[in-house]
Amino acid sequence: MAADQVLKIRDLRIESISGLVLVNNISLELKRGEVLGLIGESGAGKSTIGIGAMAYTRAGCRITGGVVEIDGVSIRDLSSEGRREMRGHHIAYIAQSAAASFNPAHRIIDQVCEMPIQHGLMKPAEAREWAIELFKALDLPNPETFGERYPHQVSGGQLQRAMTAMAMSCRPDIMVFDEPTTALDVTTQIEVLALIKKIIRDYNTAALYITHDLAVVAQVSDRIMVLRGGNMIEVGDTAQILSAPKDPYTKALVSERKEADHLSSTLDKKREEIILDIKNAVGFYATYKAVNDITLSVAKGETVAVVGESGSGKSSLARLIVGLLPRASGSVKFKGVELSTSLKDRKKDDLRKIQFIYQLPDVALNPRQTIGEIIGRPVEFYFNRSKAEVKQRVAELLRQVGLPEDYAGRLSTQLSGGQKQRICIARALAAEPDLIICDEPTSALDQLVADEILKLLKKLQDDLGVAYLFITHDLGIVRRIAHRTAVMLRGQLVDEGPTTKIFAPPYHEYTENLLASVPELRTDWLESVLTKRGGSKRERQKAAGN
Amino acid sequence: MSIFGYKPNGTAWVGLTIVGFFVFLAIFAPWIAPYSQAETVSDTWSPSSSAFWMGTDQIGRDMMSRIIYGARMTIGIALATTILSFLIGTTLGLLASTGGNVIDQILSRIVDIMLSIPLLVFALIILSMFGSSIPTLIITIAILDSTRVFRLARAVSMNIAVLEYVEAAKLRGEGLWWVMTREVLPNVLPPMISEFGLRFCFNFLFVAGLSFLGLGIQPPYADWGGMVRENGKAISFGLAAPLWPAAMIALMTIGVNLIVDWILSINARPSGASAEM
């Protein structure tokens, strides 16, 4: 039935001011109660379509063609007054970063109630009641008083749910979710996903769900649209896209994601000489014990993954090893030699042996230096080579990381994210280190690009015998490349050993929880996890009641 | 035509023309000026005529010649002061942001103390203590002005100093000087350059102001601020004499500001925005 279609987009075209086509004639329809997943890598135009559905664009872009109908009303033909009336009331938007979307100076409840009051839909008291009801529905703690808090006083997952409440406050017909769980930890992601699913079902709203993770979109959406560079690649039922993708690009996405669910077969490795030996290391941020009694070792040519949720102390451990975080007690030995606690006292050669690769390649490369200067500096600094030798070595390093030699003259700002990360790897290799500490080197990259980087790291390890301490929150990566795994929780090591042992029963309790929280590429995954957990939760509540 | 790869807009061209014209006057003053700056050539405050286009001043010197020589003195001193103050301010600002907390605290508190005393009062005290020669004038204004430059350089470079490429350099074992000059400095330059124009304007007015008070550039050298003061009385006789140098001060200030506005607008463009402000 035509009346069922709450959102209808025909040939939507969005261009940037400079004439770049960001969204190329996309058409989609959404029925009441239906969820359409928009999936693609960065730059695919997912978010642009998402806010385009509200006839809105980011600064520097404009809608140059197409029709957007919400409840049968063409929103592009309305005056700005009329559009404002539609937005929030009929269609609502939930942004990726809830922390950046709340005003830190106002209480949560005032922000949730603002919209229905502004639109004249409810009186303040009514709006308040409805907000509290939403808080209840979203399973927020103490729903009666939750709204009295300020945004910084609640956790990231709670804030994301509060933002969903804000979007629901006007009972819109359509909700646009823009990567609502990307910034959350896996264990928190489950709860938020489940509640988003519940609220869509309970209130029979339609939704656009934007994400880059196939496994996440598989849990919530009825249909999936795959986008690339502003073009629609494929659209179909969730089950069809997952099991029988038609387009080669979709196939690559699906198979790459599936790979992350299996343990790689090459992970068993006999340990050779131990190069990094950490014993009972303790480190503080002011009075907070960020690294608490960690004992860990890395052998030559091996990859040790350190996993844990945000705030578990993974990065602090890395900083402690290189000397950026002074260690209060314990010892860190490298090839049998005790490393000094602080960076300043370390010898040049000690610094050379341990190199660092950062999470965000954008800020890890000086935008005012050429690639040649960036990679050449460690060669010049550590080995005192002549200019010609440095140039030759830079060319060799660029070849090793799979980039053309003439990149040496470019600035890093002219490169893509994946290429920048390759430069960071080349810079680390330039020092000819024994150990490279990788701090989430792929988490800021698109899936397929990240895959390439992982392959490169693996190849370099095979060729050069360099060891990696690989910090990540992504268990899929651990399964693929780590010989050994260390699981961290609140600054402590809760589980450590060969990856094949860690990822096989019997599990450590926390590791099992973490493993179970990683979305898998099947549509019934969320349901099955929730039924498993729901059972144990009810039992716990019963026990607490008694 | 473009400058540093950027095309000036209409108002920027006006600014460039004004400033270019004055710089031309300053450089070629002895060849352009019809009379010398110290020579009495006519009666006091004679009106504009074909011999004296802008009339003469309070002791009969040619006004236009003095304005041409004055451009040399006023712009020259303001430029020297601003360059010196930027050298001091930027160096110390970068040192504060990269050299660690102790250095930062010491430098920042000294600057706080200096900033708590009004600029003009401070300058008056020092100039009346040491006498007003041109070097003292330049050094005094430069040091006082460098406190403002320090504040900006420190604030901008603080944001750069915490970025990972700076950390990477420190992890490599690079010294403080390398980190300051190679990693941080190139990235704070764009906002500092636009600030240079603004500080130049300010110093230019400050020199003119000090001369007006009699503590700036001393006679017989001509400078625009001093000329306003010397010819001030003429206004009560309905004569235009002090308005000429005053107009030059206004014109130069407007010219520099138009250029600065343009540089700031380049800086705000995504392609030019390398420093996070």
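Residues numbered from 1 in each chain as written. Chains lettered and ligands numbered in written order. Predicted model: local features only at pLDDT ≥ 70, side-chain atom pairs only at ≥ 80, totals over all residues.

**Remarks on the overall build of chain A**
- The helix and strand inventory of chain A stands at 22 helices and 20 strands.
- The C-alpha atoms of chain A give a radius of gyration of 25 Å, which matches the 24 Å a tight globule of 546 residues would have.
- Seen through its C-alpha atoms, chain A measures out along the principal axes to roughly 70 × 65 × 45 Å.
- Across the 546 residues of chain A, 45% fall into the buried class. (Helix = DSSP H or I, 4+ residues; strand = E, 2+ residues; numbered from the N terminus. Rg over C-alpha atoms; globule rule 2.2 N^0.38 Å. Buried ≥ 20, exposed ≤ 12 C-beta atoms within 10 Å, placed from the backbone.)

**Considerations on the pairing of strand E7 (residues 174-178) of chain A**
All names here are of chain A.
- Among the five residues that make up E7, four are buried, leaving the element largely enclosed by the rest of the structure.
- As paired elements, strand E6 (residues 91-94) and E7 share four bridges and run parallel to each other. Bridge pairing in E7 links Ala92 to Met175.
- Where E7 meets strand E8 (residues 206-211), five bridges bridge the pair, whose relative direction is parallel. Each residue of the ladder has a partner; that of Ile174, found in E8, is Ala206.
- Since E7 and E8 lie parallel, the crossover through helix H8 (residues 186-203) that links them has a hand, and here it is right-handed. (Pairing = 2+ DSSP bridges. Right-handed = clockwise from strand over helix to strand, strands pointing away.)

**Concerning the interface of chain B and chain A**
- Across the contact, 12 residues belong to chain B and 15 residues belong to chain A.
- For the side of chain B that touches chain A, the secondary structure elements donating two or more residues are helix H7 (164-172) and helix H8 (176-212) of chain B.
- Of the residues forming the side of chain B that touches chain A, the biggest block, six residues, is contributed by H7 of chain B.
- Its residues placed into classes, the side of chain B that touches chain A shows five nonpolar, three polar and four charged. (Contact = placed C-beta atoms within 7 Å. Nonpolar A, V, L, I, M, F, W, Y, C, P; charged D, E, K, R; others polar.)

**Some thoughts on the nonpolar core**
- Ranked by size, the top nonpolar core spans 148 residues in total, and within it Val306, Ile321, Ala426, Leu435, Ile437, Leu469 and Phe470 of chain A carry the most contacts.
- With near-sequence residues (within four places) excluded, Val306 of chain A lies in contact with Lys314, Leu317, Leu469, Ile471, Ala486 and Met488 of chain A. (Core = buried A, V, L, I, M, F, W, Y, C linked by C-beta atoms within 7 Å.)

**Things to note about the sheet that holds strand E1 (residues 5-16) of chain A**
Residues and elements named next belong to chain A.
- Pairing is antiparallel across the open sheet formed by four strands, whose spatial order is E2-E1-E4-E5. In this open sheet, the two edge strands, each paired with only one partner strand, are strand E2 (21-31) and strand E5 (73-74).
- Taken together, the two bridges between strand E4 (residues 61-70) and E5 define a ladder with antiparallel strand orientation. Note on E5: the bridge partner recorded for Glu69 is Ser74.

**Here we look at H8 of chain A**
Residues and elements named next belong to chain A.
- Between its first and last C-alpha, H8 extends 26 Å over 18 residues, near the 26 Å set by a 1.5 Å rise per residue.
- Listed in full, the buried residues belonging to H8 are Thr188, Gln189, Ile190, Glu191, Val192, Leu193, Ile196, Ile199 and Ile200.
- Looking one or two residues beyond H8, the residue adopting positive phi is Asn204, at roughly 55 degrees. (Expected span 1.5 Å × (residues − 1).)

**Concerning the pairing of strand E16 (residues 354-357) of chain A**
All names here are of chain A.
- Here E16 shows a buried face lined by Ile354 and Phe356 and a second buried face lined by Gln355 and Ile357.
- Examined bridge by bridge, E16 and strand E17 (residues 435-439) share four bridges and lie parallel to one another. The partner of Gln355 across the bridge, within E17, is Ile436.

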